[in-house]
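# Chain and residue survey
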Amino acid sequence: MDIGILALQGDVAEHSAALSEIGVAPRRVRRPDDLTGLDGIILPGGESTTMSMLLESSGLADPLGKELAAGLPALGTCAGMILLSTHAVDGRSDQRCFGAIDLTVRRNGFGRQLESFECDLVVRGLSGAPLRAVFIRAPLVEASGPAVEVLATLEQPAGAHGGVGEAPFGDGRVVPVLCRQGAVLVAAFHPELTPDRRVHELFVSMVEDDRVKRTEVPRTDEGR
Ligand code: GLN
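Now for a description of the structure that goes with this document. (Residues numbered from 1 in each chain as written. Predicted model: local features only at pLDDT ≥ 70, side-chain atom pairs only at ≥ 80, totals over all residues. Heavy atoms only, no water.)

## Points about the overall build of the protein
Assigned secondary structure in the protein consists of five helices and twelve strands. The buried share of the protein, taken over its 224 residues, is 49%. Within the protein, residue pairs in contact and separated by at least 24 positions form 66% of the contacts whose partners lie at least 6 positions apart. Of the roughly 10,000 Å² that the protein leaves accessible, carbon and sulfur atoms contribute 48%. (Helix = DSSP H or I, 4+ residues; strand = E, 2+ residues; numbered from the N terminus. Buried < 20%, exposed > 50% of the residue type's maximum accessible area, 1.4 Å probe, protein only. Contact = heavy atoms within 4.5 Å. Areas by Shrake-Rupley, 256 points an atom, 1.4 Å probe, with all protein chains shown as cover.)

This is how it looks when you write it as structure tokens:
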């Protein structure tokens, strides 16, 4: 199985280690040629505006956009989630959003005071203990389309106050933080920064399912 990691900026090494740990040798993607024959791609956490500029200067933006539009399975974490979404609020006006998953996200949307925190998430479809999630200047989902499946949310009862290092809400909002649409999985947090590999395993199983489907019906530019 050939899984690429967009290696222009951000936590490429951490995703690479995560994939290696579960027995998948990753391919670093820096140039358009590196996309050839990929079964899936990871867009890492980092800085979506910087990555967006590097996508343009490396010539990867258009060919990667084409692959994603044709249904290339993708995992986006944090900045990667922003790049895979349909709209980014508070981004650069020329920032690339691939629209691989029907989400509107607000960059750094968790507030200025407590931009980073950790919490435990109950994830639909993942068995075992709750998933420890690290949020670092994370994108906040403001809207999601009907095709988006929400696998985990962050909830805090109205009136609760996030302490230092805890989720910063106290307004009763329920925010999607792990979402899936077809073969695209996005996390507002950083599964690559914790030792739990269940999100990467889920993605690898999605890539495997997609490969099986493609042997039956070849991927085309239409209908995805
Ligand atoms: N705030 C960053 C951005 O807008 C994302 C932060 C992250 O990936 N940890 O791209």
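From this point, the narrative continues.
## Side note on the nonpolar core
With 66 residues, the main nonpolar core has Ile41, Phe135 and Val177 as its most contacted residues. Per-element tally for this core: the top contributor is helix 5 (residues 198-216), with six residues. With residues up to four places along the chain from it excluded, the contact list for Val177 reads Phe110, Leu121, Phe135, Ala152, Thr153, Leu154, Val186, Ala187, Ala188 and Phe189. (Core = buried A, V, L, I, M, F, W, Y, C linked by side-chain atoms within 4.5 Å.)

## Considerations on the packing of aromatic side chains
Enumeration over the complete set of coordinates arrives at two aromatic pairs. Consider the rings of Phe117 and Phe135, whose centres lie 4.6 Å apart with planes at 10°: the pair is stacked. Residue Phe117 is found in strand 7 (residues 116-121), and its partner Phe135 is found in strand 8 (residues 131-136); the two are separated by 18 residues along the sequence. Judged by its relative accessible area of 2%, Phe117 is buried. Seen in terms of ring centroids, Phe135 and Phe189 are 5.6 Å apart; in terms of plane orientation they differ by 55°. Their pairing is tilted. Remark: Phe189 occurs in the loop between strand 12 (184-187) and helix 5 and Phe135 occurs in strand 8; sequence separation between them is 54 residues. Of the two residues, Phe135 and Phe189, both sit in the buried class. (Phe/Tyr/Trp six-rings, centres within 6.5 Å; stacked < 30°, edge-to-face > 60°.)

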